[in-house]
Amino acid sequence: MKRALGPALKILALRMPALAIPALAIPVLLFGSTIRAADAPVVVTSIKPIHSLVSAIMQGVGEPKLIVDGAASPHTYNLKPSNARALQDAKVIFWVGPGLEAFLEKPLQALGRDASTAELDNAPGLVKLPFREGGAFEPHDNAPEHEHDHAEADHDHDAFDTHLWLDPMNAKAMAAMITTTLVAADPANALTYQGNAKALNDRLDALDAEIKGIVAPVKGKPFIVFHDAYQYFEHRYGIRVAGSITVSPETIPGAERVSEIRHKVGELGATCVFAEPQFEPRLVNVVIEGTRAKSGVLDPEAATLKAGPDLYFTLMRGIADSMKDCLSST
């Protein structure tokens, strides 16, 4: 039977030219998958707001990987084996810096040695604000926006508030560093990165103007936040955060701090106290119990939002809308 197949196969081979696939299609079949795989470098990002900015700049080239996904917080995150593999495979890694993602500092040294690592808290042009002590803030704890030094601050990571992305102008500064890093790592796609960065800058300018309009009616109304993550938003838009329940969400405030904040709420009269979705809401309920204050939710790290290029815009509008909705009703 096998010997009989030989002549048949020879006859079929002689007839193949009439059925041949066009020559131009052969390279696509042979090499198409290789070309697609080589299109984009492996890019890893730390948190959702940074992932969103990187995703917007990489559109049409590839999609970055995200470490702190779902409702997790960088303040309390533990690295997973899948995260470690992503860092090991990465060509480019973006993070804010050890002041925010302390859990990444040692893994980056061990696993990300072959990658270009961009620490975005070093981006030129960032506005950096010092940490506040928490508790009840004084009305003049911070200077107006125009008095800030826009030069790069001291690189002591304990010297400034690391929630830098909550000012769209800081997002623009970080986007510029992201673009430069991607172009250097992947010059073949430089024009796409640069075009996307220009479109992102235009969207950030429009977002900035939109948020100014949203919060304008409630600019003078003070409120309390769960932890002091909102200085950049506060300064950009002239709103007034009167205090925070805790300086850092890893630290549970003592009875004295809670009592101080309760006193501040009573002193202010009707106001809002904002919780965050990742953290225990009972503290907020304790603070507002027996007062006329209302509670709301702010999500500075996008815990409840789906990752992607539009997340940053949804995040910032969500903060503005939550502030307006709660403060308008007081």
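Note that the coordinates shown come from a computational prediction; the quantities given were computed from them, not determined experimentally. (Residues numbered from 1 in each chain as written. Predicted model: local features only at pLDDT ≥ 70, side-chain atom pairs only at ≥ 80, totals over all residues. Heavy atoms only, no water.)

1. Things to note about unusual backbone geometry
Of note in the backbone geometry, Ala302 takes a positive phi value of approximately 65 degrees without being a glycine. For Ala302, the location among the structural elements is in the loop between β9 (294-297) and α11 (311-328). Overall, Ala302 belongs to the buried group, its relative accessible area being 0%. (Helix = DSSP H or I, 4+ residues; strand = E, 2+ residues; numbered from the N terminus. Buried < 20%, exposed > 50% of the residue type's maximum accessible area, 1.4 Å probe, protein only.)

2. Remarks on α11
In a regular helix each residue adds 1.5 Å, so 18 residues correspond to 26 Å; α11 covers 25 Å between its end C-alpha atoms and thus fits that length. Among all positions of α11, only Leu311, Tyr312, Phe313, Leu315, Met316, Ile319, Ala320, Met323, Cys326 and Leu327 are buried. (Expected span 1.5 Å × (residues − 1).)

3. Some remarks on the packing of aromatic side chains
According to the stated counting rule, one finds four aromatic pairs in the structure shown. Ring geometry for Phe233 against Tyr237: centres 4.9 Å apart, planes inclined by 55 degrees, an arrangement best described as tilted. Of this pair, Phe233 and Tyr237 are both found in helix α8 (residues 231-237), four residues apart, which corresponds to roughly one turn of the helix. When sorted by exposure, Phe233 lands in the same class as Tyr237, which is buried. (Phe/Tyr/Trp six-rings, centres within 6.5 Å; stacked < 30°, edge-to-face > 60°.)

4. A closer look at the sheet that holds strand β1 (residues 43-45)
Pairing in this open sheet of four strands is parallel, and the strands run β2-β1-β3-β4 from one edge to the other. Strands with a single pairing partner mark the edges of an open sheet, and in this sheet they are β2 (65-66) and β4 (116-119). Here helix α3 (residues 48-58) sits on the sheet in contact with β1, β2 and β3 (92-95), set at roughly 150 degrees to β1. The strands that helix α6 (residues 168-185) touches are β1, β3 and β4; relative to β3, the one it contacts most, it runs at about 170 degrees. (Pairing = 2+ DSSP bridges. Contact = heavy atoms within 4.5 Å. Axes fitted to C-alpha atoms, helices over the stretch in contact; angles between N-to-C directions.)

5. Some remarks on the state of the cysteines
Here, disulfide denotes a covalent bond that connects the sulfur atoms of two cysteines. On inspection of all chains with the given rule, the structure shows one disulfide. A sulfur-sulfur separation of 2.0 Å characterises the disulfide bridge that pairs Cys272 with Cys326. A torsion of -110 degrees about the S-S bond marks the disulfide between Cys272 and Cys326 as left-handed. Residue Cys272 is located in strand β8 (residues 272-275), and its partner Cys326 is located in helix α11; the two are separated by 54 residues in the primary sequence. (Disulfide = S-S within 2.5 Å.)

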